[in-house]
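Fold and contact review
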Amino acid sequence: MNLVYIGLGSNLDTPVQQLQTALTFLAQHPEIQQLEVSALYRSKPVGPQDQPDFVTAVARVATTLS
């Protein structure tokens, strides 16, 4: 079993919903177990400031995937 950390982030359309959808897909994957998720964090973009804030999180999973 491999312990993996996955960084997730979005700043377009509905970022919170996009992260929730991604986490749902991860949780339903047959080769992923023990999904743990950080809090969601909102942050200003780095670089051009004429874009929406980012929503980010980290997921920790145990998986048999390589």
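Structural data are supplied above this passage.
Here's a quick rundown of the structure.

Each value, and the rule that gives it
- Residues numbered from 1 in each chain as written.
- Predicted model: local features only at pLDDT ≥ 70, side-chain atom pairs only at ≥ 80, totals over all residues.
- Heavy atoms only, no water.
- Helix = DSSP H or I, 4+ residues; strand = E, 2+ residues; numbered from the N terminus.
- Buried < 20%, exposed > 50% of the residue type's maximum accessible area, 1.4 Å probe, protein only.
- Contact = heavy atoms within 4.5 Å.
- Areas by Shrake-Rupley, 256 points an atom, 1.4 Å probe, with all protein chains shown as cover.
- Polar contact = N/O pair within 3.5 Å; in protein donor to acceptor, adjacent residues only side chain to side chain.
- Core = buried A, V, L, I, M, F, W, Y, C linked by side-chain atoms within 4.5 Å.

**Some thoughts on the overall build of the chain**
- Across its full length, the chain holds 1 helix and 4 strands.
- The order of α-helices and β-strands along the chain, N terminus first, is β-α-β-β-β.
- Taking the principal axes of the C-alpha coordinates as reference, the chain spans close to 40 × 20 × 20 Å.
- Relative to its 66 residues, the chain shows a buried fraction of 23%.
- Sequence separation of 24 or more characterises 63% of the internal contacts of the chain that already satisfy a separation of 6 or more.
- Of the roughly 4,700 Å² of accessible surface on the chain, a fraction of 56% belongs to carbon and sulfur atoms.

**Some words on the side chain of T63**
- Mapped onto the secondary structure, T63 falls in strand β4 (residues 54–63).
- A relative accessible area of 4% means that T63 is categorised as buried.
- Of the polar contacts made by the side chain of T63, one reaches the backbone nitrogen of L65; its length is 2.9 Å.
- Apart from the residues lying within four places of it in its own chain, the contact partners of T63 are M1, N2, V4, E31 and I32.

**Topic: the nonpolar core**
- Counting 9 residues, the largest nonpolar core consists of L8, L19, L23, L26, I32, V55, A57, A59 and V61.
- Mapped onto this core, the elements with two or more residues apiece are α1 (15–28) and β4.
- Sorting elements by how many residues they give to this core places β4 first, with 4 residues.
- Among residues more than four places away in sequence, those in contact with A57 are I6, G7, L8, L19, S38, A39 and L40.

**Section: the side chain of S10**
- Along the chain, S10 falls in strand β1 (residues 2–10).
- Its relative accessible area of 8% is what places S10 among the buried residues.
- A distance of 3.5 Å separates polar atoms of two side chains, one belonging to S10 and the other to Q18.
- If we ignore the near neighbours within four places in the chain, the residues touching S10 are P15, Q18, L19, D53, F54 and V55.

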